[in-house]
Amino acid sequence: RIVIGLFGKEAPQPVSILTKLVSPEGLSTKCKPLESRTLQREQLEANKVYNSCIEIQDSRGVTYDLSSVWRIDKGKRIDVGAVSGKFVARVNPNFEGGNSALKHDAPGVVSVRRGDDGGFGFAIYPGGDAKAAAELNEDNIVVGKIIEGMDVVE
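Residues numbered from 1 in each chain as written. Predicted model: local features only at pLDDT ≥ 70, side-chain atom pairs only at ≥ 80, totals over all residues. Heavy atoms only, no water.

Asks: Help me get a handle on the pattern of salt bridges, residues and values and all.
Replies: Taken as a whole and judged by the stated rule, the model has eight salt bridges. Between Asp-139 and Arg-113 there is a salt bridge; the shortest N-O distance is 3.7 Å. Residue Asp-139 is found in helix H3 (residues 130-139), and its partner Arg-113 is found in strand S4 (residues 109-113); the two are separated by 26 residues along the sequence. Residue Asp-139 is classed as partly exposed on the basis of its relative accessible area, which comes to 30%. (Salt bridge = Lys/Arg side-chain N within 4 Å of Asp/Glu carboxyl O. Helix = DSSP H or I, 4+ residues; strand = E, 2+ residues; numbered from the N terminus. Buried < 20%, exposed > 50% of the residue type's maximum accessible area, 1.4 Å probe, protein only.)

Take a look at the structure:
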């Protein structure tokens, strides 16, 4: 089990989004537009994903239920929160703001990718790699720190 303390005053907008993603109601987002595919088989799959999204768009927000750790780059980063199922076709949140004074300067720092190309996930910095920390500082917004469960990260 990992418990994350969030920096609501320092990064209010991204923390607000993360708080909604862990709530039972979830983060309300619309479905992405239906994709057009060349191959009929691929188009049928795109239609299925889109229609599945539309069915629950107004009744259920995106949550971290059934999400996963999707990448572990030992000593550099752990990427968490890859959503699956009917949430895949949802529009990604746009993470903005944050306090540029907050850095990936210690093990257990938690951040989200700046902008809307990082999906719904977040990263945990395990510590020890200055180059990885510099890359995370450039691309991500620090939103919190692990307060319980660093043994799981290590």
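Asks: Explain the pairing of strand S5 (residues 122-125) to me, and be specific about the residues and the numbers.
Replies: Here S5 shows no split at all, with Phe-122 and Ile-124 on one side and Ala-123 and Tyr-125 on the other all buried. Across three bridges, strand S3 (residues 77-82) lies against S5 in antiparallel orientation. In the strand pairing of S5, Ile-78 is matched with Ile-124. Note that S4 and S5 share three bridges and pair antiparallel. Looking across to S5, one finds that Ser-111 is bridged to Ala-123. (Pairing = 2+ DSSP bridges.)

Asks: Can you tell me about the pairing of S3, naming the residues and giving the values?
Replies: Where strand S2 (residues 68-73) lies against S3, five bridges are found, and the strand directions are antiparallel. Bridged to Val-69 within S3 is Val-80. Here S2 folds back onto S3, and the loop between the two strands holds three residues, one of which, Gly-75, carries a positive phi near 80 degrees.

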